[in-house]
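Coordinate analysis (summary)
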Amino acid sequence: MDFESLKAWLTLENIMSLIQEYRALGPLPGILLIVIEAFLPFLPLFLFVMANANAFGLWLGFLYSWLGACFGAFLVFMLIRKYGQKRIFTFLSKHPKVRKLMDWVERNGFGPLFLLLCFPFTPSAIVNIVAGLSKIRTAQYMLAVCIGKMVMIFTMSFIGYDIRSLITQPYRTVLVFIIILILWFVGKRIEGRMNKAMENDHNDEIDRNKDKEKRRSSNEN
C-alpha cells in the first residue's frame, strides 16, 4: 500500500472497523494506534482519538488514547535520550534552530511545554525529539506530557464524540478551559516541589562534601 492509498484508507469508518475487528484484544488496538502515531506523526491523531471515543465511549476512549499518547511520547523521548548523541542525530543537535529550542526547553521547563502539548496542532514528535536531545529531566518532561496530553486528548475526544455540544452547550467549552487552567496550576506546583527537592538534595550533597573535606583536613593535621 503506497502513501496515497494509505491516506485514502484513513477514514473514521475504516479506523473504527479496524478497532472492532480486533475487539477481542480489548483496548490494545486503540492504544497501539496512538503509540504508532508518536513514531509516524503524519498519521491522523485526531481520527484515531475520535475513533476510540466512538468505539469505546467518551471516557474509556479518552483514557485509552491518553495512555497511548503518553506511552508513545515516553518511548520516543527515551530512544532519543539514549541514542541522541549517535551520528544519525548529531546534525539535529547542532542545527541552530534545534539548539535554540533545546535551550528554551531546558530554561523554561514545565510551563511552556505543558501549553505546547495542550494544543492538537503542536508537532509533538518534534517536541519529543528536542526534549530528548536537551538536558531536561525525564520526570519533569513526563509531567508536562501526561498533563498536557490529558488536556489535548480530552479536547479531541470531546469534540469527536459530540461536536454539536460545543455550539448548543457552550458551558462545556468554558469547562474545558477551566480544567486546562487547573491542570496547569497543579503541574506548576508539582514542578516547584520537584525543583525544591532537587535543590535540597544538591545542598545536602554540598554539605556532605564540605564535611568530608573538613575531616580530611583534620586527619592530615
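See the structure shown above.
The following paragraphs examine the structure supplied in this document. Every value quoted in this text rests on a predicted model; they were computed, and no experiment measured them. (Residues numbered from 1 in each chain as written. Predicted model: local features only at pLDDT ≥ 70, side-chain atom pairs only at ≥ 80, totals over all residues. Heavy atoms only, no water.)

1. Quick look at the packing of helix 3 (residues 28-39) against helix 5 (residues 58-83)
Where helix 3 meets helix 5, the closest approach of the two axes is 7 Å, and the angle between their N-to-C directions is 35 degrees. For helix 3 against helix 5, the interelement crossing comes out right-handed. Note on element contacts: helix 5 touches helix 3 through Tyr64, Ser65, Gly68, Ala69, Phe71, Gly72, Ala73, Leu75, Val76 and Leu79, opposite Ile31, Ile34, Val35, Ala38 and Phe39. Residues belonging to the contact of helix 3 with helix 5 are distributed by class as follows: 12 nonpolar, three polar and no charged. (Axes fitted to C-alpha atoms, helices over the stretch in contact; angles between N-to-C directions. Helix = DSSP H or I, 4+ residues; strand = E, 2+ residues; numbered from the N terminus. Left-handed = near helix turned anticlockwise from the far one by under 90°. Contact = heavy atoms within 4.5 Å. Nonpolar A, V, L, I, M, F, W, Y, C, P; charged D, E, K, R; others polar.)

2. Focus on the packing of helix 3 against helix 4 (residues 45-56)
The N-to-C vectors of helix 3 and helix 4 enclose an angle of 170 degrees; their axes lie 10 Å apart at closest approach. Judged by the angle between their axes, helix 3 and helix 4 are roughly antiparallel. Residues Gly30, Leu33, Ile34 and Glu37 of helix 3 lie in contact with helix 4, whose contacting residues are Leu45, Phe48, Val49, Asn52 and Phe56. Residue composition of the contact of helix 3 with helix 4, grouped by class: six nonpolar, two polar and one charged. (Parallel < 35°, antiparallel > 145°, perpendicular 65-115°, else oblique.)

3. Brief notes about the packing of aromatic side chains
What the rule picks out here adds up to four aromatic pairs. On the basis of an interplanar angle of 90 degrees and a centroid distance of 4.9 Å, the ring pair of Phe56 and Tyr64 is categorised as edge-to-face. A single burial state applies to Phe56 and to Tyr64, both of which are buried. Ring geometry for Phe77 versus Tyr141: centroids 4.8 Å apart, planes at 20 degrees, classification stacked. Placement of the pair is Phe77 in helix 5 and Tyr141 in helix 10 (residues 138-161), with a sequence separation of 64 residues. The burial state of Phe77 is the same as that of Tyr141; both residues are buried. These aromatic residues form a ring-pair network of at least three members: Trp59, Phe62 and Phe154. (Phe/Tyr/Trp six-rings, centres within 6.5 Å; stacked < 30°, edge-to-face > 60°. Buried < 20%, exposed > 50% of the residue type's maximum accessible area, 1.4 Å probe, protein only.)

4. Section: the side chain of Asn52
Within the secondary structure layout, Asn52 lies in helix 4. By relative accessible area, Asn52 is classed as buried at 0%.

5. A word on the environment of Asn54
Along the polypeptide, Asn54 turns up in helix 4. On the accessibility criterion, Asn54 (34% relative accessible area) is partly exposed. For the pair Asn54 and Leu12, spaced 42 residues apart in the sequence, the C-alpha separation amounts to 9.5 Å. Those residues in contact with Asn54 that lie beyond four places of it in its chain are Met16 and Gly160.

6. A word on the nonpolar core
Formed by 38 residues in total, the largest nonpolar core has its most connected members in Ile15 and Tyr141. Among the elements of the structure, helix 2 (12-21), helix 3, helix 4, helix 5, helix 8 (110-118), helix 9 (124-133) and helix 10 are those that each provide at least two residues to this core. With nine residues, the top contributor of residues to this core is helix 10. Dropping the residues within four chain positions of it, Tyr141 is found in contact with Phe77, Leu113, Val127, Asn128, Ala131 and Ile136. (Core = buried A, V, L, I, M, F, W, Y, C linked by side-chain atoms within 4.5 Å.)

7. A short note on helix 10
When the terminal C-alpha atoms of helix 10 are compared, their 33 Å separation across 24 residues agrees well with the 34 Å that a helix rising 1.5 Å per residue should span. Counting buried residues in helix 10 gives 17 out of 24 residues, a clear majority hidden from the surface. (Expected span 1.5 Å × (residues − 1).)

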